[in-house]
Amino acid sequence: MKLSAAALDRLPDDVDVPRYDRSAITTGIVHFGVGGFHRAHQAMYVDRLLRTDFESASRWGICGVGVLPGDRRMKDVLDAQDCLYTLALRHADGSWDTSVIGSITEYLFAPDDPEAVIEKLAHADTRIVSLTVTEGGYNFSATTGEFDAENPSVRADLAPGAVPGTTFGLVCEALSRRKARGLAPFTIMSCDNIEGNGHIARSTFTAFARLKDPALAQWITDNARFPNSMVDRITPVTTPDVVDELAARYDLEDAWPVAAEPFTQWALEDSFTLGRPAFEDVGVQVVDDVTPYELMKLRLLNASHQALCYVGYLSGYRLVHDVTQDPLFARFLLRYMDEEATPTLQPVPGIDLADYKRTLIERFSNPEIRDTVARLCAESSDRIPKWLVPVVRANLDSGGPITLSATVIASWARYAEGVDEQGEPIEIVDRLKDSLVPTARSQHDDPLAFVRNRDLFGDLVDDERFRAAYLAALDGFHTRGARAVVEELVNRPDRT
Ligand SMILES: NC(=O)c1ccc[n+]([C@@H]2O[C@H](COP(=O)([O-])OP(=O)(O)OC[C@H]3O[C@@H](n4cnc5c(N)ncnc54)[C@H](O)[C@@H]3O)[C@@H](O)[C@H]2O)c1
Ligand SMILES: O=P(O)(O)OC[C@@H](O)[C@@H](O)[C@H](O)[C@H](O)CO
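The model shown is predicted, which means the values in this text are computed figures rather than measured ones. (Residues numbered from 1 in each chain as written. Chains lettered and ligands numbered in written order. Predicted model: local features only at pLDDT ≥ 70, side-chain atom pairs only at ≥ 80, totals over all residues. Heavy atoms only, no water.)

Quick look at the overall build of the protein
- Looking only at helices and strands, one finds 22 helices and 12 strands in the protein.
- Its C-alpha atoms give the protein a radius of gyration of 23 Å, within 12% of the compact-globule value 23 Å for 496 residues.
- The C-alpha extent of the protein, read off along each of the three principal axes, is 65 × 55 × 45 Å.
- Burial statistics for the protein: of 496 residues in total, 58% are counted as buried.
- When contacts within the protein are restricted to residue pairs at least 6 apart in sequence, long-range pairs at least 24 apart make up 77% of them.
- As presented, the protein carries roughly 19100 Å² of accessible surface, and 50% of it is formed by carbon and sulfur atoms.
- Here the protein contributes 51 positive and 76 negative side-chain charges, whose respective centroids are spaced 2 Å apart. (Helix = DSSP H or I, 4+ residues; strand = E, 2+ residues; numbered from the N terminus. Rg over C-alpha atoms; globule rule 2.2 N^0.38 Å. Buried < 20%, exposed > 50% of the residue type's maximum accessible area, 1.4 Å probe, protein only. Contact = heavy atoms within 4.5 Å. Areas by Shrake-Rupley, 256 points an atom, 1.4 Å probe, with all protein chains shown as cover. Lys, Arg positive; Asp, Glu negative; His and termini not counted. Charge placed at Lys NZ, Arg CZ, Asp CG, Glu CD.)

See the structure below:
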């Protein structure tokens, strides 16, 4: 049975479907970047609210927006399914909690109709604009924090009279219309894995606005809010087996479902211009300061993903749970977390860090999630500088140990050579791959070549202690291989 509003009544009882009146929902949230994660996380929270308190939640329906050519498929799928999709939460014992999510009620594909997107954003009902546009979507340097005005899409949007095509262009044009119409700005709520994601959203959107219209930038600075948040739920890329399994289990045909782990967490700073849904009623931690939560998550979970993916790939693993079910790699991650990441964290209210770290290894080891090492190895140049480099920097400043994190950076440098330990090609997915791969290959003659890139690594290369640890690891990867390097590190007693 194809998923649609008409099919909801005919689905089996073990698929939890929205029973609320979707026709009575108005759009309060416009979301850029409707991928797997948004559909497993924020849209799920809004769906929960609609199920529990429809009256207050019905002003917070979601209109999805896609700006990249690849988003056309999401438009087609959601149009054909009345914007409904299936969320399957996969437990380690093989059981599924399956629900149909109804909180997305519209989807606009910006390249087809930018004006419709701008007017939707400018509409008085739109009170929150949320984002999961990836770390790269913010278009800033992780080391300097500078907005990159030379990016070709951004330059095109800045040209006089241009029809906006980027998130920045569309949002700023809509803000300009709101200003002209005497409407307050919406809240811009980043849900991407970036330290200080709200601060980054504030600085990048206002930097764009300043280049376009300084008065608009001032108005945004004075009036708009950009809450910080920590978001968490491991959501792999949807694979055909999820589609097949839904059909087999429930006779449900969904062209693009999403599967994710059962665990979910969202810590959100309470800073909104025009109100917000009562997220705290459905398990969101609405807090005054997100910093301790986000540092914990980015430096333990996301940085550990980086710590496992390159060495895991080079050791022959392709699925994340296979890496962490190998005791050697689990011990490596725990040592990185305990010795190098944890000392850089702040106390996290209500969280037992030892328990959090143990749970992380369990979450990574869930065989049902089937998260791929390749997903974690992609876009490294957006991830290592934002998650690992700050850990090294903090430990260099405090005199703390850096060997394991320097090894993770070296593992990326080795992986970026694009050839594995058996001489087979590695498909490097990175927007900087054309410069990264040749540089990585040159490190056989010039071992510091990769980390001399100050856009990615800042001044780490100037530090003697970092250089020594990095060079030792890189040499180990070249001469003895990834598994041997990890083994040596895990078995050594000292913390350096
Ligand atoms: N997948 C997860 O486990 C997870 C968990 C927590 C947080 N996140 C955050 O969510 C982001 C998206 O993850 P996902 O799994 O949904 O990925 P995805 O590939 O399924 O979706 C990404 C979406 O972002 C859009 N996008 C990418 N670059 C853009 C740009 N420059 N401008 C506008 N839109 C752009 C894409 O078109 C797509 O719609 C991550 O980068 C991360 O910051 C993901
Ligand atoms: O999605 P990214 O690019 O931010 O990072 C890859 C993973 O580390 C990330 O998606 C995690 O699975 C996620 O952050 C878990 O909540």
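Focus: the environment of P18
- Among the structural elements, P18 can be located in the loop between β1 (15-16) and β2 (27-32).
- Put simply, P18 and V100 are 82 residues apart on the chain and 6.6 Å apart in space, counted from C-alpha to C-alpha.

Focus: the packing of helix α13 (residues 327-341) against helix α14 (residues 353-364)
- At a closest axis distance of 11 Å, the pairing of α13 and α14 adopts a crossing angle of 145°. The hand of the α13/α14 crossing is right-handed. Along the contact surface, α13 presents A330, L333, L334, M337 and D338, while α14 presents K357, L360, I361 and F364.
- Taken together, the residues of the contact of α13 with α14 break down into 7 nonpolar, no polar and 2 charged. (Axes fitted to C-alpha atoms, helices over the stretch in contact; angles between N-to-C directions. Left-handed = near helix turned anticlockwise from the far one by under 90°. Nonpolar A, V, L, I, M, F, W, Y, C, P; charged D, E, K, R; others polar.)

With respect to the nonpolar core
- Formed by 80 residues in total, the largest nonpolar core has its most connected members in F332, I409 and Y470.
- Per-element accounting of this core gives the leading share, 14 residues, to helix α11 (residues 291-314).
- Here Y470 is in contact with A406, I409, A410, A413, Q443, P447, L448, F450 and V451, once residues within four sequence places are set aside.
- Among the nonpolar cores identified, the runner-up in size contains 39 residues, and V67, L121, I188 and I200 belong to it. (Core = buried A, V, L, I, M, F, W, Y, C linked by side-chain atoms within 4.5 Å.)

Points about the pairing of strand β5 (residues 96-101)
- Across the 6 residues that make up β5, a large majority, 5, are buried.
- With 2 bridges connecting them, β1 and β5 associate as parallel partners. Residue pairing for β5: D16 is matched across the bridge by S99.
- As paired strands, strand β4 (residues 85-90) and β5 are joined by 6 bridges and run antiparallel to one another. (Pairing = 2+ DSSP bridges.)

Comments concerning the site of ligand 2
- In the neighbourhood of ligand 2, 13 residues make up the surrounding shell, with E135, D232, K297, H305 and R383 lying closest.
- Measuring from an oxygen atom of ligand 2, one finds a side-chain N or O atom of E135 at 2.7 Å.
- Separating an oxygen atom of ligand 2 from a side-chain N or O atom of N302 is a distance of 2.8 Å.
- When the free accessible area of ligand 2 is taken as 390 Å², the share hidden by the protein chains comes to 89%.
- Looking at the shell around ligand 2, the elements that each hand over two or more residues are α11, α15 (373-377) and α16 (380-387).
- Per-element tally for the shell around ligand 2: the top contributor is α11, with 4 residues.
- In terms of residue class, the shell around ligand 2 is built from 4 nonpolar, 3 polar and 6 charged. (Near = heavy atom within 4 Å. Polar contact = N/O pair within 3.5 Å; in protein donor to acceptor, adjacent residues only side chain to side chain.)

What to know about the site of ligand 1
- Around ligand 1 lies a shell of 23 residues, among which F37, D71, E135, D192 and T235 are the nearest.
- Between ligand 1 and F37 there is a distance of 2.9 Å, counted from an oxygen atom to a backbone nitrogen or oxygen.
- R233 places a polar main-chain atom, nitrogen or oxygen, 3.2 Å from an oxygen atom of ligand 1.
- Protein burial of ligand 1: of its 830 Å² of free accessible surface, 77% is covered by the chains.

Considerations on the UniProt feature "domain: Mannitol dehydrogenase C-terminal" (unreviewed entry) in the protein
- Per the UniProt annotation, the sites labelled "domain: Mannitol dehydrogenase C-terminal" (unreviewed entry) are residues 289-470.
- Helix makes up 62% of residues 289-470 and strand 0%, with an end-to-end C-alpha separation of 34 Å. (UniProt positions renumbered as here; feature names shortened; annotations may be inferred.)

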